[in-house]
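Here is what each chain is made of, one letter per residue.
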Amino acid sequence: MGDHPAHGEADLVNSAPITPRPLSVAPTPPIVSLPPSQFHSPSLTRSPLLTPGGTNRKTPRIRTPRFITPLGSPLRKAIKLTKLDPQDAWLPITESRNGNAYYAAYHTLCSGIGIQALILPLAFTILGWAWGVIGLTLAFIWQLYTLYLLVQLHESPQDGIRYSRYMQLASATFGERLSKFLASFPIMYLSGGTCVALIVIGGATSKMFYETICGAGCTSKPLTTVEWYLVFTCAAVLLSQLPNLNSIAGVSLVGSLTAVGYCTAIWAVSVAQGRLPNVSYDPVRSKTEIAKIFDVLNALGIIAFAFRGHNLILEIQATMPSSEKHPSSIPMWRGVKVAYTIVAMCLFPLAIGGYWAYGHMIPPNGGMLAALLGFHSRDVARSILGLISFFVIINAVCSFQLYGMPMFDDMESNYTTRFKKPAPWWLRVIIRAMFGFGCFFVAVAIPFLGSVAGLVGGISLPVTLAYPCFMWLKMKKPKTYGPSWCINWFLGLLGMGLSAILTAAGLYVVIDTGVQVSFFKP
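Residues numbered from 1 in each chain as written. Predicted model: local features only at pLDDT ≥ 70, side-chain atom pairs only at ≥ 80, totals over all residues. Heavy atoms only, no water.

This part covers the overall build of the protein. Helix and strand content of the protein: 18 helices and 0 strands. Expressed as a percentage of its 522 residues, the buried residues of the protein come to 50%. A separation of at least 24 residues holds for 84% of the contacts in the protein among residues at least 6 apart in sequence. In the form shown here, the protein has an accessible surface area of approximately 24,600 Å², with 67% of it arising from carbon and sulfur atoms. (Helix = DSSP H or I, 4+ residues; strand = E, 2+ residues; numbered from the N terminus. Buried < 20%, exposed > 50% of the residue type's maximum accessible area, 1.4 Å probe, protein only. Contact = heavy atoms within 4.5 Å. Areas by Shrake-Rupley, 256 points an atom, 1.4 Å probe, with all protein chains shown as cover.)

So this is what it looks like as structure tokens:
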């Protein structure tokens, strides 16, 4: 027994009675943790381990998770019982924790590639070949580094807390009040605003798909733009009834395949058709110096906004089991590396091949998709154009589920916090339908939302490029003036500065070009 203290302590923990024995010393203060407070949350269950509100029920006897502290530490000796937060088993993000590296790759890839990547060649028309490639490469490395930071910050070995939502980690870093000011609106925009944009993209592409397949000789009366928005929204709401984040892994796989499909098809067909006549690669220059500066900033913003999904990384990792020997960061990072290898294989050929094919003639609205349909609609088979449009629609429907999940989780948490029980199935149906049709209403009521996307996107940029660096500094506390300390301070401040500049540039564009305010006229 004396030769194996670790086994003795383990036996003591396992044999802890339901009612703890009186202590001869002052009791240890209770351990307070953010939800979720355990590494092994119940999987696929609607029944929590702790039932609130009843004094006759026994407190469950469980093992303290090994990941909290080393086995022989004083804190380990003090902890005999740990009450699990029941809300983990009730909310859609943490309801199931049986994810794996494959699921992580599907979710990350589906959230990492979007329609915004199709306008990447537009940045090259301002920056030119050399600076365009350099800017895209540096942005890719930067956002991949901040992804790595978030994956490592998901679980804290010191106190055993898993930060299963971006907002939880922001609160732990910046404090409750400051985090609401800094991160609440950007995260809401990156979830809800993206869903609105997906309805606009999916509805408009559905109309384009119908016209492409039907052809010029079609006699049937086509649906209006608003009606196509409604058709897309109904499909998205129907699919959103899947219960939790793990349950939509197959949906994310389909979304990933279609995203890779339309990105590859668009640049491959454009390159196969050859360069347009009189194509030019000379960077576009405005007349005034201030306009030139803002054009460059706009180009940098296009590159920065091409990468997305950082607000979902912690949520995706929360679907995995974790322990001291097998932390979730290992399979998560494996999935992220595979996903972003594929992202790079899509984005770089799209930007370089698109700029080679169209040069400065790339349309500012619609990017590569608009260029393909505008310049090659008669040269390319109608079936190929229809297939590309179909892939865009399917990807938009699948991405809606992924970006809507944090909003579903937040709305259901309001119910579970107040009533101390899981949301019934009929309430989930109502919540998700209300969110979907609420996004539809915004898409129809405020069709000029895309005109201020640059302005709002600048405000949201720190979620991707800056906040993870500050979170690492606060949570990991690297050595002052050491390499990690210097790199994260530099990138964090650079990200905040870039955000401020892009926000100012977006505001300048709105003021200079104006916004056509037309409510309910999409």
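Once that is clear, we can look at the side chain of His107. As for its position among the elements, His107 is in helix α3 (residues 101–112). There is a polar contact of 3.3 Å between the side chain of His107 and the backbone oxygen of Leu245. Each residue touching His107, except ones within four places of it in the same chain, is listed here: Leu245, Ile248, Ala249, Ser252, Ile316 and Leu402. (Polar contact = N/O pair within 3.5 Å; in protein donor to acceptor, adjacent residues only side chain to side chain.)

On to the confidence of the model for the protein, then. Taken as a whole, the protein shows an average pLDDT of 80; of its residues, 79% reach a score of 70 or greater. Considering only residues more than four positions removed or in separate chains, one finds that residues 1–84, a stretch of pLDDT under 50, has 119 contacts. (pLDDT = per-residue confidence, 0-100.)

A word on a nonpolar patch on the surface. On the surface, a nonpolar cluster with roughly 590 Å² of combined accessible area is contributed by Trp425, Trp426, Val429, Ile430 and Met434. Looking at where Trp425 falls in the secondary structure, it is placed in helix α14 (residues 425–445). Trp425 sits in the exposed class, given a relative accessible area of 66%. (Patch = residues over 30% accessible without salt bridge, like charges linked within 9 Å, V, L, I, M, F, W, Y side chains within 5 Å. Salt bridge = Lys/Arg side-chain N within 4 Å of Asp/Glu carboxyl O.)

Scanning all chains against the criterion turns up 1 cavity of 30 Å³ or more. When its volume is computed, the largest cavity comes out at roughly 40 Å³. Every residue along the wall of the largest cavity is listed here: Gly114, Ile115, Leu198, Ile201, Tyr262, Arg308, Val392, Asn395 and Ala396. At the level of elements, α6 (176–214) and α13 (382–419) are the ones that each hand at least two residues to the lining of the largest cavity. Among the elements that line the lining of the largest cavity, the one with the most residues is α13, at 3 residues. A breakdown of the residues in the lining of the largest cavity according to their chemical character gives 6 nonpolar, 2 polar and 1 charged. (1 Å grid on protein atoms, 1.4 Å probe; cavity = no way out; pocket = protein on both sides within 12 Å on 5 of 7 lines; lining within 4 Å. Points joined across faces, edges and corners; volume = space filled by probe spheres on them. Nonpolar A, V, L, I, M, F, W, Y, C, P; charged D, E, K, R; others polar.)

Take the packing of aromatic side chains next. Summed over the entire model, instances satisfying the criterion amount to 20 aromatic pairs. One aromatic cluster in this structure is built from Phe124, Trp129, Tyr281 and Tyr355. (Phe/Tyr/Trp six-rings, centres within 6.5 Å; stacked < 30°, edge-to-face > 60°.)

In this section: the pattern of salt bridges. Under the definition given, this model contains 5 salt bridges. For Lys292, the salt bridge goes to Glu289, with nearest N and O atoms at 3.6 Å. Of the two residues, Lys292 and Glu289 are both situated in helix α9 (residues 289–305); the distance of 3 residues between them amounts to about one turn of the helix. Residue classification places Lys292 among the partly exposed residues on the basis of a relative accessible area of 28%. One salt bridge in this structure joins Glu412 and Arg428, with 2.9 Å as the shortest N-O distance. Of this pair, Glu412 sits in helix α13 while Arg428 is found in helix α14, placing the two residues 16 residues apart along the sequence. A single salt-bridge network, built from bridges that share partners, covers Glu95, Glu412, Arg428 and Arg432.

The next subject is the packing of helix α4 (residues 120–153) against helix α17 (residues 467–476). Packed helix pairs are specified by the crossing angle of their axes together with the interaxial distance, meaning the distance between the axes. Running from N to C, α4 and α17 point in directions that differ by 35 degrees, and their axes come no closer than 9 Å. Seen along the crossing, α4 lies across α17 with a hand that is left-handed. Counted together, Thr146, Leu149, Leu150, Gln152 and Leu153 of α4 and Pro468, Cys469, Met471, Trp472, Met475 and Lys476 of α17 form the full contact between these two elements. Along the lines of polarity and charge, the residues of the contact of α4 with α17 split into 8 nonpolar, 2 polar and 1 charged. (Axes fitted to C-alpha atoms, helices over the stretch in contact; angles between N-to-C directions. Left-handed = near helix turned anticlockwise from the far one by under 90°.)

Attention shifts here to the nonpolar core. If you look at the biggest cluster of nonpolar residues, it comprises 114 residues, and the most contacted ones within it are Ile266 and Met471. Sequence-distant contacts of Met471, that is, excluding residues within four places in its chain, are made with Leu150, Leu153, Tyr166, Leu169, Ala170, Thr173, Phe174 and Lys476. (Core = buried A, V, L, I, M, F, W, Y, C linked by side-chain atoms within 4.5 Å.)

Let's shift gears to the environment of Ala505. Structurally, Ala505 is set in helix α18 (residues 483–513). Apart from residues lying up to four places away in sequence, Ala505 is in contact with Phe294 and Leu297.

On the secondary structure map, Arg432 appears in helix α14. Accessibility expressed as a relative area gives 2% for Arg432, which makes it buried. Side-chain polar atoms of Arg432 contact the side chain of Glu412, separated by 3.3 Å. Contacts of Arg432, omitting those with residues within four sequence positions, involve Pro92, Val237, Ser240, Gln241, Leu242, Pro243, Phe408 and Glu412.

What follows is about helix α7 (residues 225–239). If you check α7, its first and last C-alpha atoms are 22 Å apart, about what 15 residues at 1.5 Å a residue would give, namely 21 Å. If you follow the buried residues of α7, they end up packed against α6, α13 and α14. (Expected span 1.5 Å × (residues − 1).)

Let us look at α17. Where burial is concerned, most of α17 is hidden: 7 out of the 10 residues are buried. Two residues or fewer past α17, Lys477 is found with a positive phi of approximately 50 degrees.

Next up on the list: the state of the cysteines. According to the stated counting rule, one finds 0 disulfides in the structure shown. Free of any disulfide, Cys263 has its nearest cysteine sulfur in Cys346, 5.1 Å distant. (Disulfide = S-S within 2.5 Å.)

Time to look at the environment of Leu402. Following the sequence through the fold, Leu402 ends up in helix α13. On the accessibility criterion, Leu402 (1% relative accessible area) is buried. Every residue in contact with Leu402, bar those within four places of it in the chain, is listed here: His107, Cys110, Ser111, Leu245, Ile248, Ser252 and Leu312.

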